[in-house]
Amino acid sequence: MTFSHNTSNQRTLDPRTKLFLLLAANLMLFFHVSVITQLIMVVLFLMPLAVAGRWKMTLNFALTYAILTGLGFLDPEAMGLPWLHVVSALAVGCTMMLPCFITGAYAFTTTSPSAFICAMRRMHASESVVIPCVVVIRFFPTIAEDYRQIRNAMALRGIAAGGWGLVRHPAQLLEYILIPLLMNATNVAQDLSVAALTKGLGRKGEHTSRTVIRMRIVDWLMMIAMMVPLVLDVAGVIR
């Protein structure tokens, strides 16, 4: 039995819907949809993030998408700057991948491990899939906390102080942050795996959970809204 608090939240979608959004974002990248379809779906992806109260993240993603889209429309030949072809190509590539980052950030920041476990088991996923996914969900917040602790320790010692300190001193970024994080990442992953198995996630037989999840009308409407522009684009209606 897995013991967890009831994480049902009316402001977030069901974890299965979040996985569907992530799948839709990857399908956009696979089918290389048009700019109009991409714009529609990015707006749809940002809506649940805003409703969940992640306003700062929503604004950052929206601003990033607007800037990258604008850079992608640059005409280096008309501007007489051929080197802008590289900038434009990189911007287009980043714009295509941004929906995956948006849906991934929404899923990671609004889904608890217990809710994700419950959703995966509702979909009859194998335990060999559930346990690694739970470890991944817990891994990134733990690494982020380790990064904050390292930055606080560096600030106390006056090393690479300020937001641009690491940019000005890339050697310090490698020595004081990247190397400690990489060395600690293996231990973190191992500890999380042991913790998951200790809680009985790998036990055979039927599992129960106190976490309540259910598909609501808004979940079905969101999935339908995601598929409409994607299907129309693949069919050639939207160009």
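Residues numbered from 1 in each chain as written. Predicted model: local features only at pLDDT ≥ 70, side-chain atom pairs only at ≥ 80, totals over all residues. Heavy atoms only, no water.

This paragraph deals with the pattern of salt bridges. In this structure the tally under the stated criterion is 3 salt bridges. Salt-bridge contacts for D14 lead to R16; the nearest nitrogen and oxygen are separated by 2.8 Å. No difference in accessibility class separates D14 from R16, as the two residues are buried. Here D219 and R216 are joined by a salt bridge, their closest N and O atoms 3.8 Å apart. On the accessibility criterion, R216 (16% relative accessible area) is buried. (Salt bridge = Lys/Arg side-chain N within 4 Å of Asp/Glu carboxyl O. Buried < 20%, exposed > 50% of the residue type's maximum accessible area, 1.4 Å probe, protein only.)

In this section: the environment of M215. Position of M215 relative to the elements: it lies in the loop between helix 9 (170-198) and helix 10 (217-234). The class for M215 is partly exposed, based on a relative accessible area of 23%. Here the alpha-carbon distance between M215 and T17, two residues 198 residues apart in the chain, equals 8.1 Å. (Helix = DSSP H or I, 4+ residues; strand = E, 2+ residues; numbered from the N terminus.)

Here we take up the packing of helix 1 (residues 15-31) against helix 10. For the pair helix 1 and helix 10, interaxial distance at closest approach is 10 Å and the crossing angle is 10°. When the axes of helix 1 and helix 10 are compared, the pair comes out roughly parallel. Counted together, T17, F20, L21, A24, L27, M28 and F31 of helix 1 and D219, M222, M223, M226, M227, L230 and V234 of helix 10 form the full contact between these two elements. For the contact of helix 1 with helix 10, the per-class residue count stands at 12 nonpolar, 1 polar and 1 charged. (Axes fitted to C-alpha atoms, helices over the stretch in contact; angles between N-to-C directions. Parallel < 35°, antiparallel > 145°, perpendicular 65-115°, else oblique. Contact = heavy atoms within 4.5 Å. Nonpolar A, V, L, I, M, F, W, Y, C, P; charged D, E, K, R; others polar.)

Another aspect to go through is helix 10. Helix length check: helix 10 (18 residues) gives 26 Å between terminal C-alpha atoms against 26 Å at 1.5 Å per residue, within 8%. As for helix 10, its buried residues are in contact with helix 1 and helix 2 (35-51). Directly beyond the C-terminal end of helix 10, a positive phi value near 90° is found at G236. (Expected span 1.5 Å × (residues − 1).)

Backbone geometry at H32 places phi at a positive 50°, although glycine is not the residue there. With respect to the helices and strands, H32 occurs in the loop between helix 1 and helix 2. A relative accessible area of 52% places H32 in the exposed class.

This part takes up the packing of aromatic side chains. Summed over all chains, the structure comprises 1 aromatic pair. Arranged with centres 5.1 Å apart and planes meeting at 85°, the rings of F30 and F31 form a pair that is edge-to-face. A relative accessible area of 65% means that F30 is categorised as exposed. A cation over a ring is seen here: K18 above Y106, with NZ or CZ 5.4 Å from the ring centre. (Phe/Tyr/Trp six-rings, centres within 6.5 Å; stacked < 30°, edge-to-face > 60°. Lys NZ or Arg CZ within 6 Å of the ring centre and 35° of its normal.)

Turning our eyes to something else, we now look at the environment of L71. Looking at the secondary structure, you find L71 in helix 3 (residues 55-72). The class of L71 is partly exposed, set by a relative accessible area of 28%. As for L71 and L84, which are separated by 13 residues in sequence, their C-alpha atoms are 9.1 Å apart. Excluding residues that lie within four positions of it along the chain, L71 makes contacts with V87, S88 and A91.

This part is about the packing of helix 2 against helix 10. Running from amino to carboxyl end, helix 2 crosses helix 10 at an angle of 170°, the nearest separation of the two axes being 9 Å. On the basis of their axis angle, the class for helix 2 and helix 10 is roughly antiparallel. In contact with T37, I40, M41, L44, F45 and P48 of helix 2, helix 10 contributes M222, A225, M226, P229, L230 and D233.

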